[in-house]
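Listed below are the residues making up each chain.
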Amino acid sequence: MSDLPRKAVTRTAKLAALPLGIAGRATWGLGKRIVGESAEIVGRELQQRTAEQLFKVLGELKGGAMKFGQALSVFESALPEEIAGPYRAALTKLQEAAPPMPTRTVHTVLEERLGPDWRDLFEEFEDKPAAAASIGQVHRAVWHDGREVAVKVQYPGAGEALLSDLTQLSRFARLLGPLIPGMDIKPLIAELRDRVSEELDYGLEAQAQAAHAEEFAEDPDVVVPAVVHQCEQVLVTEWIDGIPLSEVIADGTEEQRDRAGQLLTRFLFSGPARTGLLHADPHPGNFRLLPGGPDGEDDWRLGVLDFGTVDRLPGGLPTPIGVSLRMTLDGEAETVYELLCAEGFVKETIELDPEAVLDYLLPIIEPARVEEFTFTRSWIRSQAARIADPRSPAYQLGKQLNLPPAYLLIHRVTLSTIGVLCQLGATVRMRDELEEWLPGFVDGVAEDDADEEESAAGA
């Protein structure tokens, strides 16, 4: 029997308690206001209580509810400070920890999957989990050959719990709206549902991690732990120490923030080019800063964890992304519009003004227009406000654009990464990474011109 609170009535009641709790606390806040306490103090206390309940419920449920909370946490930098502030600490906790699975359950899973003599595989095994996530928890151990390893054990019933949670959350999407104003929650939940079965398959995760570990084995900037052993519900990988990115966000130096931001950007664009895979879960809990970069012990490398969700891109990121981005920067409105139409971003039944589309895109790609760009919460909030304000031309145009299925995960990963960069407040040379790794950003335009010249010569 699973230790997750899986019964539908129990899980539904816990999730239902979120919006009901918000309503109850709003009434409590009104009462405090009536007896003379200041609106600012009451509001702050109200939001803090809501944040604490959010963490408690999502953390206890693990499964899809917690995965949903992790997804929200990377978007908090786009929210107004008075809304984001009280939730930041609670949501960030979801990136690193959750109430652990009982030791007896861990041992039962290991015995079922690794055999009755499973302890012989380890010189040491720590029963206390080092980290807990949405579908499993990680234990530190020493493998029988002396290597320090991370042992990821999947919660029994995690698949059933994930699907149940996400079904319930989709029903409560309208009620959860006040927690994250301006964000359409239903598509986020629908996409999370689509990825559940893949993330539950530790065999697929092992393949994706092994591919990255092999490719980045000699890389001076990025560290991916090698896969040591894998079977159903258990994944053993090499252990890496380091500073969690959530700690860098909270207390990191400017140097650490900038280095983390640069390497995160580099990994986003270089990963697909080098492995044909896009790491598709870029929340801060999946990254570490490790000492010992190219400039010695005082420099930093980026450790990358959790390859449960990847997008398979055999040719790297699609070339039209690079070409259209380059053309947008060059102000080629007509060409950009034609590319967007050809890729399905503008449906055949829709006709838009190419210059208006260019005006819509330029502020979003500002980081690629300059040699280096400082990502801030205020910048991403201004972008979110521009696109979400029903009175703005950007909002009206954005409603008419389409997101083709092939670009859905790429779009989400890019936005999430930008959200993390804004949480870091990092200054990043994004253009350098685009020129190095994004197909079509440099070569695509030149190749198109060369093709045209060859055609003209042949004629």
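Residues numbered from 1 in each chain as written. Predicted model: local features only at pLDDT ≥ 70, side-chain atom pairs only at ≥ 80, totals over all residues. Heavy atoms only, no water.

With an unreviewed UniProt entry as reference, the chain is termed AarF/ABC1/UbiB kinase family protein, source organism Streptomyces musisoli. Recorded in UniProt under Sequence similarities (unreviewed entry), the annotation for the chain is "Belongs to the protein kinase superfamily. ADCK protein kinase family." (UniProt positions renumbered as here; feature names shortened; annotations may be inferred.)

Q: Whenever I open this one, the pattern of salt bridges confuses me. Can you help?
A: Under the criterion given, the structure shown has 17 salt bridges. One salt bridge connects Glu-238 with Arg-147, and the closest N-O pair in it is separated by 3.4 Å. In this pair, Glu-238 sits in strand β7 (residues 234–238) while Arg-147 sits in the loop between β3 (136–143) and β4 (148–154), placing the two residues 91 residues apart along the sequence. The class for Arg-147 is partly exposed, based on a relative accessible area of 32%. Residue Arg-429 pairs with Glu-371 through a salt bridge whose shortest N-O separation is 4.0 Å. One end of the pair, Arg-429, is in the loop between β14 (427–428) and α18 (430–437); the other, Glu-371, is in the loop between α14 (354–361) and β13 (373–374), and 58 residues separate them in sequence. Residue classification places Arg-429 among the partly exposed residues on the basis of a relative accessible area of 31%. By relative accessible area, which is 58% here, Glu-371 ends up exposed. Each of Asp-221, Arg-259, Arg-266, Asp-299 and Glu-433 takes part in salt bridges that share partners, so that together they form one network. (Salt bridge = Lys/Arg side-chain N within 4 Å of Asp/Glu carboxyl O. Helix = DSSP H or I, 4+ residues; strand = E, 2+ residues; numbered from the N terminus. Buried < 20%, exposed > 50% of the residue type's maximum accessible area, 1.4 Å probe, protein only.)

Q: Help me out: how do you make sense of the packing of helix α11 (residues 254–275) against helix α17 (residues 408–424) in this one?
A: Packed helices, taken two at a time, are described by the angle between their axes plus the distance between the axes. Two elements in contact, α11 and α17, have axes whose closest approach is 9 Å; the angle formed by their N-to-C orientations is 170°. Classified by the angle between their axes, α11 and α17 sit roughly antiparallel to one another. From α11, Arg-257, Ala-260, Gly-261, Leu-264, Thr-265 and Leu-268 reach across to α17, where they touch Val-413, Thr-417, Val-420, Leu-421, Gln-423 and Leu-424. By residue class, the composition of the contact of α11 with α17 is seven nonpolar, four polar and one charged. (Axes fitted to C-alpha atoms, helices over the stretch in contact; angles between N-to-C directions. Parallel < 35°, antiparallel > 145°, perpendicular 65-115°, else oblique. Contact = heavy atoms within 4.5 Å. Nonpolar A, V, L, I, M, F, W, Y, C, P; charged D, E, K, R; others polar.)

Q: What should I look at first to understand unusual backbone geometry in this one?
A: For residues other than glycine, phi is negative in most cases, and the peptide bonds are mostly trans. Here the phi dihedral of Gln-233 falls at roughly 75°; this positive angle occurs in a residue that is not glycine. For Gln-233, the position within the fold is in the loop between β6 (227–231) and β7. Not every positive phi belongs to a glycine, and Asp-306 is a case in point at roughly 60°. Positionally, Asp-306 belongs in the loop between β11 (296–304) and β12 (310–312). Classification of Asp-306 as buried rests on a relative accessible area of 16%.

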